[in-house]
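Each chain, letter by letter, is given below.
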Amino acid sequence: MAFFTKLTHDDMSNSRQADEIMFTFYKRMKEKGYLDNTVLITFSDHGPRMGVIRATLNGMVESRSPYSIITFPKWFLDKYSNVKKNLKTNTKRLTTHYDVHATLQDLLYFKASGIVPLTPRKHGTSLFNVIPESRTCEDIPIPMEFCLCNQVKMVELALNSNIAHGFSEIFVKKINSKTNPTLCAELKLDKILTIVQVTLPYNLPRDIILYKIKLQTLPGEGIFEGTIQTPKANSTTIGKYIDEFISKGESSNLIVGEDFDRLSLYRGQADCESDFAKKQYCYCKDLITT
């Protein structure tokens, strides 16, 4: 197993530099006959995290869409035509890397009779079986902020609206709640970059609205993106939800996604924080000059 991280981490367009290398690798694998007895899996753990493409609405979707390419020996697909058919069907279905893991487990004891010595799976369905077309993020489960089933339509809202400013204040509060206040400066809103209202499809609840918000904070000019979910309501009612959250620190009618994306580099800004999970939210106090 090999992982490549440096090439595309900051800019996914750099992947073209590996085109010839990857082509040569696959070509050699085929010519040497290695693909006749090998299942080759190429995958990513997530989409683009930063860069020019990530700043677009398309990049917002792609960031939630890690790719997975599974290459099977031709003889295997010819012999098990039902598996080949199911694999092709599943390219159009909602799947995760849990399903790839389940497929590898299935392959270990493929077509075995009797009980196989594997721990029962909590997540994942073998891709050798048909994934239901009706499968939703909740079934898998995928948190709402990572769900791509909800990308039917995205409409950008006015940045100077009360909703935009209210959500931004809540979002910044949530970011600050993830930092160590002894080491890290309190972040303040610098500017709102985008706020998008997402239209949900027929197979997800129609009584909720999902918002995606991207903003910049100070100090450090950190750029963050996250999601906020509310019941379907007019702007006046949503304003009441916002006021309740700001005054009480929570609201049963307003849910802030627990996972945020840091879309800007933070090298040299968070060296005081040893907790890797908190680094992306931290701007060290000792960097602030008075």
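Before reading on, note that the structure itself is shown above.
Keep in mind that this is a model prediction, so the values were computed, not measured. (Residues numbered from 1 in each chain as written. Predicted model: local features only at pLDDT ≥ 70, side-chain atom pairs only at ≥ 80, totals over all residues. Heavy atoms only, no water.)

Undergrad: I would appreciate a short explanation of the side chain of K279 in the present structure.
TA: Considering the arrangement of structural elements, one finds K279 in helix α9 (residues 276-279). For the buried K279, no salt bridge is present, and the opposite-charge side chain at shortest range is D271, 4.6 Å distant. Within the local environment of K279, its side chain forms a polar contact with the backbone oxygen of E273, the two atoms lying 2.7 Å apart. If we ignore the near neighbours within four places in the chain, the residues touching K279 are Y266, A270, D271 and E273. (Helix = DSSP H or I, 4+ residues; strand = E, 2+ residues; numbered from the N terminus. Buried < 20%, exposed > 50% of the residue type's maximum accessible area, 1.4 Å probe, protein only. Lys, Arg positive; Asp, Glu negative; His and termini not counted. Salt bridge = Lys/Arg side-chain N within 4 Å of Asp/Glu carboxyl O. Polar contact = N/O pair within 3.5 Å; in protein donor to acceptor, adjacent residues only side chain to side chain. Contact = heavy atoms within 4.5 Å.)

Undergrad: Teacher, can you tell me more about the pairing of strand β6 (residues 222-231) here?
TA: The side chains of a regular strand alternate between both faces of the sheet. Within β6, eight of the 10 residues are buried, leaving the element largely enclosed by the surrounding structure. Here strand β5 (residues 208-218) runs beside β6; their pairing, made up of 10 bridges, is antiparallel. Looking across to β6, one finds that T217 is bridged to G222. In textbook terms, the turn of a hairpin is the stretch between consecutive antiparallel strands, and for β5 and β6 this stretch comprises three residues, one of which, G220, has a positive phi near 100 degrees. In the sheet, β6 pairs with strand β8 (residues 261-262) via two bridges, with the strands oriented antiparallel. Bridging across to β8, E225 finds its partner in D261. The sheet contact formed by β6 and strand β7 (residues 255-256) spans two bridges and is antiparallel. Bridge pairing links I228 to V256 in β7. (Pairing = 2+ DSSP bridges.)

Undergrad: Looking at this structure, I do not really get the nonpolar core. What am I missing?
TA: General note: in soluble globular proteins, nonpolar side chains tend to be found buried as a group. Core analysis: the biggest nonpolar cluster contains 25 residues, and F167, F171, I175, I238, L254 and V256 have the highest contact counts within it. Put simply, the parts of the chain that give this core at least two residues each are α7 (162-176), β4 (188-199), β5, β6 and α8 (235-248). When residues in this core are grouped by element, the largest group, seven residues, is from α7. With residues up to four places along the chain from it excluded, the contact list for V256 reads I170, K174, T227, I228 and F245. Counting 11 residues, the second-largest nonpolar core is a separate cluster that includes L77, V100, F110 and L127. (Core = buried A, V, L, I, M, F, W, Y, C linked by side-chain atoms within 4.5 Å.)

Shape is all these values report; function is a separate question.
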